[in-house]
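Overview (structure and organization)
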Amino acid sequence: MSFFNSSRFITLEHYISSEKDKHPGATGEFTYLLHDLALAIRIISREVRRAGLNDIIGMAGDTNVHGEQVKKLDVYANEVIIQSMDHGGHLCVMASEENEHPIPIPDKFDKGKYILVFDPLDGSSNIDINVTIGTIFGLYKRTDDSSDTDMDTLTKQIIQPGYKQVAAGYALYGSSTVFVYTTGQGVNMFTYDPTIGEFILFHENVKIPKKASYYSVNEGYYNFYSDELKQYLQYIKQDKAEKDLPYKLRYIATGVADFHRTLLYGGLFMYPSDSRSPNGKLRLVYEANPLAFLAEQAGGRATDGVNRILDIKPTNIHQRVPLFIGSKENVLEVESFLKGDLKFDYK
Ligand code: P6P
């Protein structure tokens with residue numbers, strides 16, 4: 001199945017610039033910001049691809065041949081993004097999965113009107129087995145012109161509901177490096193060609209299938225799920241070809257990779273709450289909200305099982321949220337079981 005639907009060689013920079021024209025009054029600041037972010041992703045991609053090699057060339061233990069402190073890849077990715085984005089003059093604050101508190105812009109740099117939230121390396125538990133990992137980001141405009149930089153003020157700037165995002169996207173470090181983003185004008189996908197150092201458009205205005213027979217969840221936690229969710233999981237395992245059942249299970253355990261497959265093939269990716277984790281595991285601000293913006297832009301749906309993810313008002317930067325995301329009909333189907341409208345007597 002080919003998703004290539006662009007017959008022109010268009011680079012990410014060219015596409016971002018051309019999109020600027022679709023935003024009346026766009027200052028171009030946004031264009032520079034995405035350009036800087038794309039640079040950070042190129043640098044992270046290079047290091048991800050060398051990760052195994054780094055161990056061989058003497059980055060054993062926690063120091064390399066130069067006696068330098070070796071950083072874990074997710075710590076390295078975090079620093080690359082911060083150091084690529086803090087001096088462009090476009091941001092007033094950042095928030096990262098790796099930093100407990102907001103990341104202020106150093107006084108020596110100009111500040112701008114945007115706020116960047118990100119998970120620098122999602123799926124880092126998969127790094128050592130060479131399984132796809134990724135970077136997730138969301139972008140907001142500041143809510144007021146306060147120049148205060150105390151942590152409470154900066155936190156208030158960050159914890160906006162997801163529908164306020166002006167852009168969101170992710171990079172996927174898999175068999176190739178892919179960059180996917182939206183500015184509210186649809187979802188576009190680019191593949192990185194390291195031989196020319198450019199991201200090339202390969203799928204424009206991505207639309208998720210309305211429904212598909214794929215589901216993605218960690219079935220290992222089945223016994224901790226609600227009975228309503230168990231009914232759903234048993235229902236989709238039935239041998240009923242006329243209802244496109246059973247669904248096929250796919251689970252990478254890198255959320256952004258499970259989402260990417262769901263965006264292209266359709267179906268449902270979920271990380272539900274369970275009896276041990278009442279709010280699930282995924283983070284609202286820098287994981288669920290960016291993916292939810294992309295899903296809706298591609299014609300899909302994203303909820304916590306009841307509420308639209310993008311409408312949830314965060315109470316803190318790192319709060320967790322249950323996530324059901326993917327094809328609209330697949331998400332509505334699981335929601336019908338969760339609220340008891342659909343039942344399946346599997347006992
Ligand atoms: P589990 C990766 O560690 C992550 O945060 C997400 O990317 C992924 O969806 C989830 O955890 C996997 O968690 O409990 O299935 O191992």
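Note that this is a predicted model, so its numbers are computed, not measured. (Residues numbered from 1 in each chain as written. Predicted model: local features only at pLDDT ≥ 70, side-chain atom pairs only at ≥ 80, totals over all residues. Heavy atoms only, no water.)

1. Considerations on the domain arrangement of the protein chain
- Domain annotation for the protein chain reports domain 1 (12–203) and domain 2 (214–338).
- Inter-centroid distance (C-alpha atoms) of domain 1 to domain 2 is 25 Å.
- Between domain 1 and domain 2, the residue contacts involve 45 residues of the former and 30 residues of the latter.
- Of all residues in domain 1, Ile136, Ile159 and Tyr170 give up the largest surface area on contact with domain 2, accounting jointly for 21% of the area buried on that side.
- Scanning the region where domain 1 abuts domain 2 turns up 0 salt bridges.
- Taken together, the connections running from domain 1 to domain 2 amount to 15 residue pairs in polar contact (both at pLDDT 80 or more).
- Broken down by secondary-structure element, the contributors of at least two residues to the side of domain 1 that touches domain 2 are strand S1 (91–96), strand S3 (114–122), strand S4 (133–141), helix H4 (151–158), strand S5 (167–173), strand S6 (177–182) and strand S7 (187–193).
- Ranked by residue count, the leading element in the side of domain 1 that touches domain 2 is S4, at 6 residues.
- Among the residues making up the side of domain 1 that touches domain 2, the classes are represented as 23 nonpolar, 18 polar and 4 charged. (Domains from an automatic or database assignment. Contact = heavy atoms within 4.5 Å. Buried area = accessible area lost by both parts, 1.4 Å probe. Salt bridge = Lys/Arg side-chain N within 4 Å of Asp/Glu carboxyl O. Polar contact = N/O pair within 3.5 Å; in protein donor to acceptor, adjacent residues only side chain to side chain. Helix = DSSP H or I, 4+ residues; strand = E, 2+ residues; numbered from the N terminus. Nonpolar A, V, L, I, M, F, W, Y, C, P; charged D, E, K, R; others polar.)

2. Some remarks on the pairing of S3
- Across the 9 residues that make up S3, a large majority, 9, are buried.
- Taken together, the 5 bridges between S1 and S3 define a ladder with parallel strand orientation. Directly across from valine 93, in S3, lies its bridge partner isoleucine 115.
- Across 7 bridges, S3 lies against S4 in antiparallel orientation. Residue pairing for S4: leucine 116 is matched across the bridge by leucine 139. (Buried < 20%, exposed > 50% of the residue type's maximum accessible area, 1.4 Å probe, protein only. Pairing = 2+ DSSP bridges.)

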